Structures are given as structure tokens and as C-alpha cells.
Amino acid sequence: MSIDIAVVPVAGRGTRLLPATKSQPKEMLPVGRKPVVQYVVEELAKSEIRRLLFITDSRKTQIENHFDEDGELIDFLRRTGREEQLADLEFERQKMEYFYTRQRRQLGLGHAVLCAKPLIGDQPFVVALGDSIIGLHAESDIVRRMIRHFEATGAEAVVAFEQVPARDVVQYGIAQTPTPDAETFELTDVVEKPAVGEAPSTLAVAARYVFGPSIFDYLEQTPPGKGGEIQLTDAMRLMLKDGRTAYGLRLHSGERRFDIGNFDSYFRAFFEFALSDPRYGESLREYIKTILANPKLGS
Ligand code: G1P
């Protein structure tokens, strides 16, 4: 059977988005009409993921509530003649089983993934970061392509990468590969958030991974790294040093990564999604034109 299980870490504090994230998970911030994490789940469902394990924490219960079926709300919409709005709740019925476990101590992304070990056990799995949308309106099958590559090559890891401007390498895990221009490339190393000038390339890890279960062994041996946290990138590094094979797959040009980790990229994502919304995009476009044409409003 092909890989159908994904781990979605959502336990991060979202400090770069305060005060918006003081009592609300960053994964629940709306981008256009949907919260970020709904796009992530819909993308995974399109890539035939059927079981989803959230790595969560005490501040994130809204995420669990969001994916519950809300019979009372459905009844209310029916009773009050708002049937057409039922379509907005269709995601509740998508083919997905949800599981939740808590990261009980905030020790980093690598540690969050390690929290999945008792449930994942000895099977390959996907990791999809809950604060990143791939492609406008999550129109991407990158995970499906990664799974296919993983299964065809028998690699221990396949990771999605995106070309970033040289100044941005400090924000990401960066690939080292002999063939950085290829669409699919073998990884020789990955470095977490290197300094500009020390980065082995400008190919940045783009929030989607496929791993064999050996990643758990490497995570268990990974000491705290950048920011004093146990980094997933460092565990991949150990895996590569150990002679295991891992590949990078580039996102296609229409598959940009929307990072909902800071206000700059959050605002941009919100605008792009809202402007391309089939229901509201056109009138928003007109409204923005008016604002920009009126220096008093636009400044
Ligand atoms: C994490 C990873 C980093 C990766 C990034 C985006 O960083 O540690 O390697 O490039 O996600 O996928 P964070 O955004 O949590 O700082």
C-alpha cells in the first residue's frame, strides 16, 4: 500500500505573529476564506493522504475543533434557509482520519516529529508543516510526486525545495547537491539556517518531507542545534552522513510556498488568495484600485 499517513506539526508558538497569535494558533489565521491549516489538510487529501496525525499543544485546541463535524451548525444552516452555505463545510466530510498527540515540551521541530514515533512505528510517512501553504489555493500535488519518487527510488527521505533569494537562506534549511539546477537532485548535505555566504546553495526546504522510519533513530541522536532546538534538518544531516540516500524535489513554478510564519509573508498570502477568490476577488481588486488612487487612503 502506498504511503497514506502524514504528520502535521502545529505546536510552534507563532511568536513572530504576536499579538495575533497570543490566544489563537497561527495555523488558524485566515488566508482568504479558510484557515491556513485547512489548506494544508486539503492539499494532503488531494495527494491521497487518508490518516493525519497533528502534533499539537495546549494552545491549539481550535485546530481539533475545526476538523470535527459540527452537526448543530449544519442543522442551524438548514433550519434558517442557508443551505448554500453548507458547501463551506464540505471539508468536514473529506476522506481523512484525524489523530492528535501533544508535544509536551517545546524542544523544536525535530522533537515534534519524534513525538509521532509511537503512532507511526515502522512505516514511511509524510511530514507537512502546518504553517505553509503550497501553491495558490493549495493547488499542488507535490506530496504525491514526492511519494512516487520515494517509492520508485527506495530512498530514506525525499524533501521539497524552493529556490529563494540569497539573502533569505538564513530562514531555511538549505540543500547541498552536486546538481542544484535539476528538478530532482540527490542531497549530499542540508544545513539549517546558514549565514549568507556560507550557504551551500539557495535551495530552501519547503515544508514538505517524506521519510522512512529510520528518521526516528537519527532524531533520537540529534543534539540541540540552531536556537537550542532539536532540528529536523540536523537529523537529516546525520542520515546523510550515515550514507543513506535522500532526494530533493523542486516545487514547480506555479507552486510557490506561502509561509504564514511572519506578517510580511502572511499579508502577501492573504492578499493573493483574496484577490484570486472567485466570489470576492473582483470587488476587492476594485476597492484596492480606489484606495491606491486616493493618496490619503493609501498612505
Ligand atoms: C522550518 C525548518 C526549515 C524549513 C522551514 C520551511 O523552519 O526548520 O528547515 O526550511 O521550516 O519549511 P521554521 O520555519 O520552523 O523556522
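Residues numbered from 1 in each chain as written. Predicted model: local features only at pLDDT ≥ 70, side-chain atom pairs only at ≥ 80, totals over all residues. Heavy atoms only, no water.

Novice: How would you sum up the pattern of salt bridges? Please name residues and give values.
Specialist: The full count for this structure, using the stated rule, is 20 salt bridges. We note a salt bridge from Arg208 to Glu43, for which the minimum N-O separation is 2.8 Å. Of the two residues, Arg208 is situated in strand S12 (residues 203-211) and Glu43 in helix H1 (residues 36-46); the sequence distance between them amounts to 165 residues. Note on Arg208: relative accessible area 0%, which makes it buried. Its relative accessible area of 0% is what places Glu43 among the buried residues. (Salt bridge = Lys/Arg side-chain N within 4 Å of Asp/Glu carboxyl O. Helix = DSSP H or I, 4+ residues; strand = E, 2+ residues; numbered from the N terminus. Buried < 20%, exposed > 50% of the residue type's maximum accessible area, 1.4 Å probe, protein only.)

Novice: If you had to explain unusual backbone geometry to someone new, which residues and values would you point to?
Specialist: Here the residue pair Leu18 and Pro19 is connected by a cis peptide bond, since its omega of 5 degrees sits within 30 degrees of zero. Within the secondary structure, Pro19 sits in the loop between strand S1 (5-9) and strand S2 (30-31).

Novice: Please set out the packing of aromatic side chains residue by residue, giving values where relevant.
Specialist: Within this structure, the stated rule accounts for 14 aromatic pairs. Following the ring pairs from residue to residue traces out a cluster consisting of Phe54, Phe67, Phe91, Tyr98 and Tyr100. (Phe/Tyr/Trp six-rings, centres within 6.5 Å; stacked < 30°, edge-to-face > 60°.)

Novice: With reference to specific residues and values, describe the side chain of Glu255.
Specialist: The topology assignment puts Glu255 in the loop between strand S13 (246-250) and strand S14 (257-259). Judged by its relative accessible area of 4%, Glu255 falls in the buried class. Ignoring any residue separated from it by four or fewer positions in sequence, one finds Glu255 in contact with Ile134, Gly135, Ser140, Asp141, Ile142 and Arg145. (Contact = heavy atoms within 4.5 Å.)

Function-wise, these values are silent; they only describe arrangement.
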